[in-house]
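Here is how the chains run, residue by residue.
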Amino acid sequence: QVQLVESGGGLVQTGGSLRLSCVASTGTFSTYAMAWFRQRPGKEGEFVVAISRNGINTNYADSVKGRFAISRDNAKNTVALEMNSLEPEDTATYYCAANRFGVRSTQKYDYDSWGQGTQVTVSS
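Residues numbered from 1 in each chain as written. Predicted model: local features only at pLDDT ≥ 70, side-chain atom pairs only at ≥ 80, totals over all residues. Heavy atoms only, no water.

Caption draft 1: Fine view of the pairing of strand 7 (residues 68-73). The alternating pattern of strand 7 places Phe68, Ile70 and Arg72 on a buried face, while none of Ala69, Ser71 and Asp73, on the opposite face, is buried. Judged from the six bridges that link them, strand 7 and strand 8 (residues 78-83) form a sheet pairing that is antiparallel. Pairing of Ala69 across the sheet is with Glu82, part of strand 8. Taken together, strand 7 and the strand that follows it, strand 8, pair antiparallel across an intervening segment of four residues, in which Asn77 is found at a positive phi of about 55°. (Buried < 20%, exposed > 50% of the residue type's maximum accessible area, 1.4 Å probe, protein only. Helix = DSSP H or I, 4+ residues; strand = E, 2+ residues; numbered from the N terminus. Pairing = 2+ DSSP bridges.)

Written out as structure tokens, the structure reads:
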């Protein structure tokens, strides 16, 4: 497993933006597919976005398409989530996740390393 540490959460107004970051402690970061999931209050955890090992391929949940953008920097062992046009429904704890086999999955069970989460709150 790889240690993942998220940062960048906070309180923002509707329509605002936030950038989340996740740093991985591994010397083989480029072999991992990475993803962001979130858990909204009272809801099950849900897939947000995933990115391939080389950063070329991504897939987004319909709810965030066109508003969120994932990117990664393999030289810095980081993956970022740029969130724009935030809505109150985006309020959640956001988790960074890694798949050591490089599988870009939308299923949380396919990810074997998780960060501790960072809270995003969008006020109306």
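Caption draft 2: Quick peek at unusual backbone geometry. Notably, Asn77 is not glycine yet its phi reads approximately 55°, a positive angle. In this structure Asn77 comes out as buried when scored by relative accessible area, which is 15%. Here the phi dihedral of Ser85 falls at roughly 50°; this positive angle occurs in a residue that is not glycine. For Ser85, the position within the fold is in the loop between strand 8 and strand 9 (92-99). Its relative accessible area of 39% is what places Ser85 among the partly exposed residues.

Caption draft 3: Region of interest: the sheet that holds strand 8. Across the sheet, four strands lie side by side as 1-3-8-7; this open sheet has antiparallel pairing. Across the chains shown, the open sheet's two edge strands, defined by having one partner strand only, are strand 1 (3-7) and strand 7. Between one strand axis and the next, the sheet turns through 15° on average, direction left out of account. Bridge count for strand 3 (residues 18-25) against strand 8 is six bridges, and the pairing is antiparallel. Looking at strand 8, one finds that Val23 is bridged to Thr78. (Axes fitted to C-alpha atoms, helices over the stretch in contact; angles between N-to-C directions.)

Caption draft 4: Expanded view of the pattern of salt bridges. All told, the structure shown has nine salt bridges when counted by the stated rule. Arg38 is the salt-bridge partner of Asp90, the closest N and O atoms lying 2.9 Å from each other. Note that Asp90 is positioned in the loop between strand 8 and strand 9 and Arg38 in strand 4 (residues 33-39), a separation of 52 residues in sequence. When the shortest N-O distance is used, the salt bridge between Arg40 and Glu46 registers 2.8 Å. Residues joined by salt bridges that share partners form a network here, namely Arg38, Arg40, Glu46, Arg67, Glu87 and Asp90. (Salt bridge = Lys/Arg side-chain N within 4 Å of Asp/Glu carboxyl O.)

Caption draft 5: Here's a closer look at the nonpolar core. With 34 residues, the main nonpolar core has Met34, Trp36, Val79, Leu81, Met83 and Tyr94 as its most contacted residues. Those elements that provide at least two residues to this core are strand 3, strand 4, strand 5 (45-51), strand 7, strand 8, strand 9 and strand 11 (118-123). Excluding residues within four positions of it along the chain, Leu81 makes contact with Leu18, Arg19, Leu20, Trp36, Val48, Val49, Phe68, Ala69, Ile70 and Tyr94. (Core = buried A, V, L, I, M, F, W, Y, C linked by side-chain atoms within 4.5 Å. Contact = heavy atoms within 4.5 Å.)

Caption draft 6: Just the pairing of strand 3, in detail. Judged by which residues are buried, strand 3 turns out to be one-sided: Leu18, Leu20, Cys22 and Ala24 face inward and are buried, whereas Arg19, Ser21, Val23 and Ser25, on the alternate face, are not. Examined bridge by bridge, strand 1 and strand 3 share five bridges and lie antiparallel to one another. Directly across from Ser7, in strand 3, lies its bridge partner Ser21.

Caption draft 7: Representation of the side chain of Ser113 in the model. Mapped onto the elements of the fold, Ser113 is located in strand 10 (residues 113-114). Judged by its relative accessible area of 2%, Ser113 falls in the buried class.

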